[in-house]
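Chain by chain, the residues:
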Amino acid sequence: MSLNIAVMISGSGSNLQSIIDAIEKNSLKSEIKIVISNTKNAYGLVRAEKHGIKSRYLSKNNYNSPREYEEELLEILNNKKIDLIVLAGYLGIVPGEIIKHYKNKIINIHPSLIPSFCGKGFYGLTVHEKVLEYGVKVTGATTHFVDEGVDTGPIIMQEPFKIEDEITAEELQKEVLKIEHKILVETLGLIENKKLEINGRRVLIRR
Ligand code: GRF
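Procedures and definitions
Residues numbered from 1 in each chain as written. Predicted model: local features only at pLDDT ≥ 70, side-chain atom pairs only at ≥ 80, totals over all residues. Heavy atoms only, no water. Helix = DSSP H or I, 4+ residues; strand = E, 2+ residues; numbered from the N terminus. Rg over C-alpha atoms; globule rule 2.2 N^0.38 Å. Contact = heavy atoms within 4.5 Å. Areas by Shrake-Rupley, 256 points an atom, 1.4 Å probe, with all protein chains shown as cover. Lys, Arg positive; Asp, Glu negative; His and termini not counted. Charge placed at Lys NZ, Arg CZ, Asp CG, Glu CD. Pairing = 2+ DSSP bridges. Salt bridge = Lys/Arg side-chain N within 4 Å of Asp/Glu carboxyl O. Buried < 20%, exposed > 50% of the residue type's maximum accessible area, 1.4 Å probe, protein only. Axes fitted to C-alpha atoms, helices over the stretch in contact; angles between N-to-C directions. Parallel < 35°, antiparallel > 145°, perpendicular 65-115°, else oblique. Left-handed = near helix turned anticlockwise from the far one by under 90°. Nonpolar A, V, L, I, M, F, W, Y, C, P; charged D, E, K, R; others polar.

Chemist: Requested: an account of the overall build of the protein chain, with residues and values cited.
Modeler: Along its length, the protein chain carries 6 helices and 9 strands. In terms of overall dimensions, the protein chain is globule-like: its C-alpha atoms have a radius of gyration of 17 Å, near the 17 Å expected for 207 residues. When contacts within the protein chain are restricted to residue pairs at least 6 apart in sequence, long-range pairs at least 24 apart make up 64% of them. Roughly 10,800 Å² of accessible area belongs to the protein chain as shown, and the carbon and sulfur atoms make up 50% of that amount. One way to put it: in the protein chain the 28 positive side-chain charges average out to a point 5 Å from where the 27 negative ones average out.

See the structure below:
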């Protein structure tokens, strides 16, 4: 089934690009109706533009109240008849009203094996620095549904990455990013084909 997708970004948008590429090579049936960034100069906005995808800079700092920002975001999502919101490198907080309205219809990609190295302050290179600092032997990436918490919603997919001794945080970030791109597209494919069954905190995949 083709989903109307909204992708929310804050930065380079390489995860957004992986969705765009998958759609353009018909690996995904969905359509990105809008890309929303909370940072004005996010390169992800350039990626959207290059692929003729509507985009919008939307920051809560430009509204008189959180409620006004929330109403604007809800209106955009309603107008585009969005079925699924994808947080792809999005560093903002999704307002509670949106999470309620789109229960189990918002997914996030995180660059670690949740529940390790996630939550407040764990984003970007910091995640990989903490992974190396701790000395874990395996890290990876996770897709999950978004709930009221930070990186706490039910886990959909995870893929591990074995850490070699001499790897740097930057090299690790690059390796994990490849996994992010892969499992994000696979997760969207499962949702398109209605293969997910949510059972409390467990997400069962009916392949
Ligand atoms: C990635 O590490 C992603 O996991 C995190 O933000 C970083 C940048 O992602 N959420 P992108 O290149 O902007 O998609």
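Following the structure, the description resumes.
Chemist: Go over the pairing of strand S9 (residues 202-205), please, and point to the residues and values.
Modeler: Alignment of strand S8 (residues 196-199) against S9, held across 4 bridges, turns out to be antiparallel. When the bridges of S9 are listed, glutamate 197 appears paired with leucine 204. Once S8 ends, the chain turns through 2 residues before running back antiparallel as S9, passing glycine 200 with a positive phi of about 70°.

Chemist: Before we move on, could you go through the pattern of salt bridges and cite the residues and values that matter?
Modeler: For the coordinates displayed, the defined rule picks out 10 salt bridges. A salt bridge links glutamate 71 to arginine 67, with the shortest nitrogen-to-oxygen separation between them at 3.3 Å. Taken together, the positions of glutamate 71 and arginine 67, both in helix H3 (residues 66-79) and 4 residues apart, correspond to about one turn of that helix. The class for glutamate 71 is partly exposed, based on a relative accessible area of 41%. By relative accessible area, arginine 67 is classed as partly exposed at 44%. Taking the shortest distance from any N to any O, the salt bridge between lysine 130 and glutamate 133 comes out at 4.0 Å. With lysine 130 and glutamate 133 both in helix H5 (residues 125-134), this residue pair falls 3 residues apart, about one helical turn. One network of salt bridges, with partners in common, ties together Arg67, Glu70 and Glu71.

Chemist: I'd like to hear about the packing of H5 against helix H6 (residues 169-192), residue by residue, with values.
Modeler: It is the contact of H5 with H6, at a shortest axis distance of 9 Å, that shows an interaxial angle of 115°. Classified by the angle their axes make, H5 and H6 are roughly perpendicular. For the crossing formed where H5 meets H6, the hand is right-handed. Taken together, the residues of H6 that come into contact with H5 (itself represented by Leu125, His128, Glu129, Val131 and Leu132) are Ala169, Glu170, Leu172, Gln173 and Val176. When the residues that make up the contact of H5 with H6 are grouped by side-chain class, the tally is 6 nonpolar, 2 polar and 2 charged.

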